[in-house]
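# Chain and residue survey
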Amino acid sequence: MKTSNIIASTIFIIGGILVFFYTNSFPSTPGEDVGSAFMPKIYASFLTILGVILLFKSIFINNEEGKGNIVKIIMYILTFTIFIILIPILGFYVSAIIFLIMLLVISKERNKFYYLILPIGIIVFIYLLFQQLLNVPLPEGLLF
């Protein structure tokens, strides 16, 4: 686990630095204080900072954890892949509800109330944030 964390943190640090400097080539918007490179630079900075934190934690803190459940990891990856495939067919909102319910099933959530309230709450939040506040349309599918 320690070696994989060191490798992952190194990739995060290098990737964050590369993205940060790559965004300098983004065109600036005349008359705007914040250009198109602003948010990618913020994300790249966070990625680099989190990579450094993971690197220091992996090197200086002796934390031997057991191996993760490989079947569960594969199920999460498969669920995410299905989510991406379903978006153009069912649209973002329906696909996201299915995706969130599947995540709860995989994580073996016992409280059945979460199966109803969590997906609906997250979808309402995403709708209000992106559609209403930011006016960013989310993908619509062939069926919905």
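Criteria and thresholds
- Residues numbered from 1 in each chain as written.
- Predicted model: local features only at pLDDT ≥ 70, side-chain atom pairs only at ≥ 80, totals over all residues.
- Heavy atoms only, no water.
- Helix = DSSP H or I, 4+ residues; strand = E, 2+ residues; numbered from the N terminus.
- Buried < 20%, exposed > 50% of the residue type's maximum accessible area, 1.4 Å probe, protein only.
- Contact = heavy atoms within 4.5 Å.
- Areas by Shrake-Rupley, 256 points an atom, 1.4 Å probe, with all protein chains shown as cover.
- Lys, Arg positive; Asp, Glu negative; His and termini not counted.
- Charge placed at Lys NZ, Arg CZ, Asp CG, Glu CD.
- Patch = residues over 30% accessible without salt bridge, like charges linked within 9 Å, V, L, I, M, F, W, Y side chains within 5 Å.
- Salt bridge = Lys/Arg side-chain N within 4 Å of Asp/Glu carboxyl O.
- Polar contact = N/O pair within 3.5 Å; in protein donor to acceptor, adjacent residues only side chain to side chain.

In the nomenclature of an unreviewed UniProt entry, the protein chain is known as Tripartite tricarboxylate transporter TctB family protein of Oceanobacillus locisalsi.

Before going further, it helps to spend a moment on the overall build of the protein chain. Each helix and strand counted, the protein chain has five helices and zero strands in total. Taken from N to C terminus, the helices and strands of the protein chain fall in the order α-α-α-α-α. Projected onto the principal axes, the alpha-carbon positions of the protein chain cover approximately 55 × 45 × 25 Å. For the protein chain, with 144 residues in total, the buried portion stands at 19%. Taking the contacts inside the protein chain whose residues are at least 6 apart along the sequence as the reference set, 61% of them involve residues at least 24 apart. Accessible area for the protein chain stands at about 10800 Å²; split by element, carbon and sulfur atoms hold 74% of it. Side chains of the protein chain carry 8 positive and 6 negative charges; the gap between the two charge centres is 17 Å.

The next subject is unusual backbone geometry. Where the residue is not glycine, phi is negative for most of them; where a peptide bond is considered, it is trans in most cases. Non-glycine residue K108 carries a positive phi angle of around 60 degrees. Secondary-structure assignment places K108 in the loop between α4 (92–106) and α5 (112–133). By relative accessible area, K108 is classed as exposed at 63%. The phi torsion at N135 lies on the positive side, around 55 degrees, for a residue other than glycine.

Let us now look at the environment of K2. Mapped onto the secondary structure, K2 falls in helix α1 (residues 2–22). Separated by 119 residues in sequence, K2 and G121 have C-alpha atoms that sit 36 Å apart. Each residue touching K2, except ones within four places of it in the same chain, is listed here: S58 and I59.

A surface patch of nonpolar side chains, about 870 Å² in accessible area, is lined by V34, F38, M39, I42, Y43, F46, I49, L50 and I53. Along the chain, M39 turns up in helix α2 (residues 38–60).

Our focus in this paragraph is the environment of E109. You can see E109 is positioned in the loop between α4 and α5. Along the chain, E109 and F12 lie 97 residues apart, while their C-alpha atoms are 31 Å from each other. What E109 contacts, discounting residues up to four positions off in sequence, is L104, Y114 and Y115. Among the polar contacts made by the side chain of E109, one reaches the main-chain amide nitrogen of N111 at a distance of 3.1 Å.

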